[in-house]
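What follows is the residue order along each chain.
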Amino acid sequence: MFGAGGGTSSYREAEDADLLVLWGSNAREAHPIFFHHVLKGLRNGARLYAVDPRRTTSAQWADAWLGIDVGSDISLANAIGQEIIQAGLANEAFINRATTGFDAYAAAVKPYTLERAERDTGVPAELIRQLAHDYARADRAQICWTLGITEHHNAADNVFALINLALLTGHVGRYGSGLVPLRGQNNVQGGGDMGAIPNKLTGFQDFETNSEARARFEACYGAPIPPKPGWHLSLMFEAMERGELTACYIIGENPLRSEADTGRASKLLAGLEHFVVQDMFLTDTAKLASVVLPATATWCEAEGTVTSSERRVQRVRKALEPPPGARDDIEIICEIARRLGTDWGHPSAEEVWNELRTLSPMHAGMSYQRLEELGGIQWPCYNEQHPGELFLHARLWEEDPAKRGTPAPFTPVEQDPPVDELSPDFPIRLTTGRRLDSFNTGVQSGQYATPLRRPETLDLSPEDADRLGLAEGEVAKVSSRRGSLEVPVHIDETLRAGLAFMTLHFPDQVATNVLTLDAWDPKSGTAEFKATAIRVDKLGATAPGGDESQRAEVEA
C-alpha cells in the first residue's frame, strides 16, 4: 500500500503541520534541508516529538524527546495505537470507510499497555500517553522516519507499525498529514522509481503479478522478462558465499565500506571471478575490481532527471564537460550492450526518458518541456494535463467506493528485539549514524575540508566512560562478535548509559562496519546496522597529540 517509497506528504507541508514526529531520524544532521521546513513549522506553532535513542541535535528542538531503547520501536508504536483505541481517539469513520484489518490490529496491540511499553522501551508511560493523545487529536500530523527505523532485522515491520498509526487516526491522504520516509541519498528515490528493486519494473510495477506491464516492457525490449524476483544486495552476498554469483557489476556504490561486517564483504568481493565498478571516484570497492569504468558526475556533467524524497522529478542540466576518460552512464551502458550484441544506438537522456514515459504510467505526463515549465512535477502524473500529486492517497477520503479504490490494510506486527543480544561479554549497544558535515563512507564529503569535521570517535556516555576509566581522547579497544578495532573515545552527554555511537564516514581512520552485524530483514533486505552489541576495553593509550589535543579537535 505505502511500499513504493516517497513521502505521502510534500516536504513543504511540514511547515503547515500541527504535529511532527521525527522517529529514528536526526534530520537536523542527516537531512538539513528538510529540517529547515521543520523549523518553519515550529515557528508556525507546530509541536515536535523526537523518538530516538540519542538526544540528538534534532531532539534538542523537540517539545518532548522519547529516549527509546534501540530496537523497541514496535512496542512503542503498538502502545501508542492501543492507547489511541482505548481512549476513544481512533478515527472510526476513516477506518470503516478506507481500511481493512482493523479488528486484527486492535487485538494485536491490546497487550501493549503503557506499562509494558515503558518496560520494553525505557520511555516513561506518561510520555507515551502524551504522544498518543497529541498525535490522534492533531488536525494535521506527520510521522517522519529514516534509517533509525529501517536499518534493523525487522525493518519492514517497523514501518508497518508507523503506517498503522496513520491509518488509525486518518493522518494520511490529506494536506499536512502523512507518512514521510526521508531518503538517505540524492536520487535514491529515483533509483527505486526506475526499477532498481528486485521485483519491480519502472514505476513500481510488479512483474510477478502485473502481466500487462510485463508484456508492455517485453514488446519494447524485444525480449522476455521472467516473472521471478531477482536478488537484493544482501541476497547477492549470500549468493557469492555459495559460489552461485561469480560476476558483479556495481554502479555508483561502495559496498566494501557501506555493508555490514566489512571483513565478510571484503572477502566475498575479492573472490569474484569478474568484478566491474562504474563510478566517478576510485573507491575502495573500485580498487578491488577487475575493470573500472570512469563515469561522469551526473549532477553537473550530464543531462537527465533527479527525483527527490517528496517524489518531485526535476531536470538536471549539463554545466561542465567531464574530465578526459570519463563517459556518461548512458553511453557506457549502451556501449556494453553493443559489445554484447545489441545496438541501442546513441540515445540522448531525453530519448531514454521518453521511452520510460511510454512504459511507466505514473511518469507518462512528465515531458522535459513540462518539467522545465513547472520546475518539477511530483509523481504520479498520468498525462500532460495532470498536475502531479501534491500528496498521495487522497482517494482514501472519497465517498464514492469506485473512486476510493482498494482499502488500505492494517498490518499487525509484534515486537522483536535486536539479533545481536547484549551479554556480560558485550554489554553496550552500539548504534551508528551520520554527522552534519559528512556523508556515508566519506567518498564524496571527504573531498573537501570543513571546520565542523572532527576525527572519528567512539562516543560514550559519561557514566560508561567513568565506569570503564576512560578519559576524553583516550584510545580504547572496541569489540563485537565479528571483529575489533581501536578508536579514540569522545564523552557525549547526549548518550544514556549503555549506549554508544559511531559513524562510518571515515573508514580509513576507523572501519566501523568491522563491528556491525549482517543480519537482515527478509522483507526488505536491509541489514541491522543500528543494534550492535559491543565491549569496550581500556588500552591505556591516547590519540596522537595527547588528551588535550584530541579534546580540542573533538569540541571544535
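What counts as what
- Every chain begins its residue count from 1, and numbering advances along the sequence as written.
- Confidence filtering applies because this is a predicted model: local features only for residues at pLDDT of at least 70, side-chain atom pairs given and counted only at 80 or more, and all residues used for totals across whole chains, interfaces and linings.
- To obtain the side-chain values, all non-hydrogen atoms of the structure were used and water was disregarded.
- Where helices and strands are cited, they refer to DSSP runs of H or I of at least four residues and of E of at least two residues respectively, numbered from the N terminus.
- Between the two quantities, the radius of gyration covers C-alpha atoms and the globule rule is 2.2 Å times the number of residues to the power 0.38.
- Any residue under 20% of the maximum accessible area for its type is buried, any over 50% is exposed, and the rest in between are partly exposed; the area is computed with a 1.4 Å probe on protein chains only.
- The contact criterion used throughout is that any non-hydrogen atoms of two residues lie within 4.5 Å.
- Each accessible area is a Shrake-Rupley estimate made with a 1.4 Å probe; only the visible protein chains count as cover when residues are assessed.
- Any residue with relative accessible area above 30% and no salt bridge may belong to a patch, with like charges joined within 9 Å and the nonpolar Val, Leu, Ile, Met, Phe, Trp and Tyr side chains within 5 Å.
- Here a salt bridge means any side-chain nitrogen of Lys or Arg lying within 4 Å of a carboxyl oxygen belonging to Asp or Glu.
- Any two strands are treated as partners once DSSP identifies two or more bridges connecting them.
- Any Phe, Tyr or Trp ring, taking Trp's six-membered ring, that has another such ring centre within 6.5 Å forms a pair; planes under 30 degrees apart are called stacked, those over 60 apart edge-to-face, and the others tilted.
- Lines fitted to C-alpha atoms define the axes here, with helix axes fitted over just the stretch in contact, and angles between the N-to-C directions of these axes take values from 0 to 180 degrees.
- To form a nonpolar core, buried Ala, Val, Leu, Ile, Met, Phe, Trp, Tyr and Cys residues must be joined to one another through side-chain atoms within 4.5 Å.

**A closer look at the overall build of the chain**
Each helix and strand counted, the chain has 21 helices and 21 strands in total. Over its C-alpha atoms the chain spans a radius of gyration of 24 Å, differing by no more than 12% from the 24 Å that the globule rule assigns to 556 residues. In terms of principal-axis extent, the alpha carbons of the chain reach across some 65 × 60 × 45 Å. Per-residue burial for the chain yields a buried fraction of 54% across its 556 residues. In the chain, once contacts between residues fewer than 6 apart in sequence are set aside, the share between residues at least 24 apart is 70%. Carbon and sulfur atoms provide 52% of the accessible area of the chain, an area that totals close to 24300 Å².

**Some details on a nonpolar patch on the surface**
On the surface, a cluster of nonpolar side chains totalling about 400 Å² of accessible area is made up of Tyr249, Ile251, Ile333 and Trp344. Take Tyr249: it is sitting in strand E9 (residues 247–251). With relative accessibility at 37%, the residue Tyr249 sits in the partly exposed group.

**Quick notes on the sheet that holds strand E14 (residues 377–378)**
With antiparallel pairing, three strands are arranged side by side in an open sheet as E12-E13-E14. With one partner strand each, in any of the chains shown, strand E12 (304–307) and E14 form the two edges of the open sheet. In this structure, E12 lies alongside strand E13 (residues 312–316), joined through four bridges in antiparallel fashion. Bridged to Thr305 within E13 is Arg315.

**Structural notes on the packing of aromatic side chains**
One pair of aromatic rings is described through two measures. These are the centre distance and the angle between the planes. According to the stated counting rule, one finds six aromatic pairs in the structure shown. Centre to centre, the rings of Phe94 and Trp397 are 4.7 Å apart; their planes meet at 35 degrees, and the pair counts as tilted. On the criterion of sequence distance, the pair formed by Phe94 in helix H4 (residues 92–98) and Trp397 in the loop between E14 and helix H19 (401–404) is long-range, its members being 303 residues apart. By relative accessible area, which is 0% here, Phe94 ends up buried. By relative accessible area, which is 25% here, Trp397 ends up partly exposed. With 5.8 Å between their ring centres and 70 degrees between their planes, Phe217 and Tyr221 make a pair best called edge-to-face. Within this pair, Phe217 and its partner Tyr221 are both found in helix H11 (residues 211–221), separated by four residues, close to a single helical turn.

**Quick look at the sheet that holds strand E2 (residues 47–51)**
Here five strands make up an open sheet; going across it, the order is E3-E2-E1-E5-E6 and the pairing parallel. Whereas interior strands pair on both sides, the edge strands pair on one side only; in this sheet they are strand E3 (64–66) and strand E6 (178–181). Averaged over all neighbouring strand pairs, the angle between strand axes comes to 15 degrees, with direction disregarded. By the bridge criterion, five bridges tie strand E1 (residues 19–23) to E2 in an arrangement that is parallel. For Leu22, the partnering residue across the bridge sits in E2 and is Ala50. Docked against the sheet, helix H3 (residues 73–86) engages E1, E2 and E3, running at close to 155 degrees with respect to E1. Lying on the sheet, helix H9 (residues 155–169) is in contact with E1, strand E5 (141–145) and E6; it crosses E5 at an angle near 175 degrees.

**What to know about the pattern of salt bridges**
Oppositely charged side chains may form a pair once their charged atoms are brought near each other. Under the defined criterion, the tally for this structure stands at 32 salt bridges. Note that Glu384 is salt-bridged to Arg357, the shortest N-O span being 2.9 Å. Taken together, the positions of Glu384 in the loop between E14 and H19 and Arg357 in helix H17 (residues 349–359) put the pair 27 residues apart, joining distant regions of the chain. For Arg454, the salt bridge goes to Asp459, with nearest N and O atoms at 3.4 Å. Each of Glu303, Arg315, Arg317 and Glu372 takes part in salt bridges that share partners, so that together they form one network.

**Some points on the nonpolar core**
Taken as a class, soluble globular proteins show a tendency for nonpolar side chains to be buried jointly. If you look at the biggest cluster of nonpolar residues, it comprises 51 residues, and the most contacted ones within it are Trp23, Ile80, Ile84, Tyr135 and Ile143. Among the elements that take part in this core, H9 stands out by supplying eight residues, more than any other. When sequence neighbours within four positions are dropped, the list of residues in contact with Ile80 reads Trp23, Ile128, Leu131, Ala132 and Leu165. Phe34, Ala46, Ala62 and Cys144 belong to the second-largest nonpolar core, a separate cluster that totals 18 residues.

**Considerations on the pairing of E9**
Because side chains alternate across E9, one face comprises the buried residues Cys248 and Ile250, and the other comprises Ala247, Tyr249 and Ile251, none of which is buried. In this sheet, strand E10 (residues 274–279) lies alongside E9 in parallel orientation, the contact comprising five bridges. Residue pairing across strands places Ala247 opposite His274, the latter belonging to E10.

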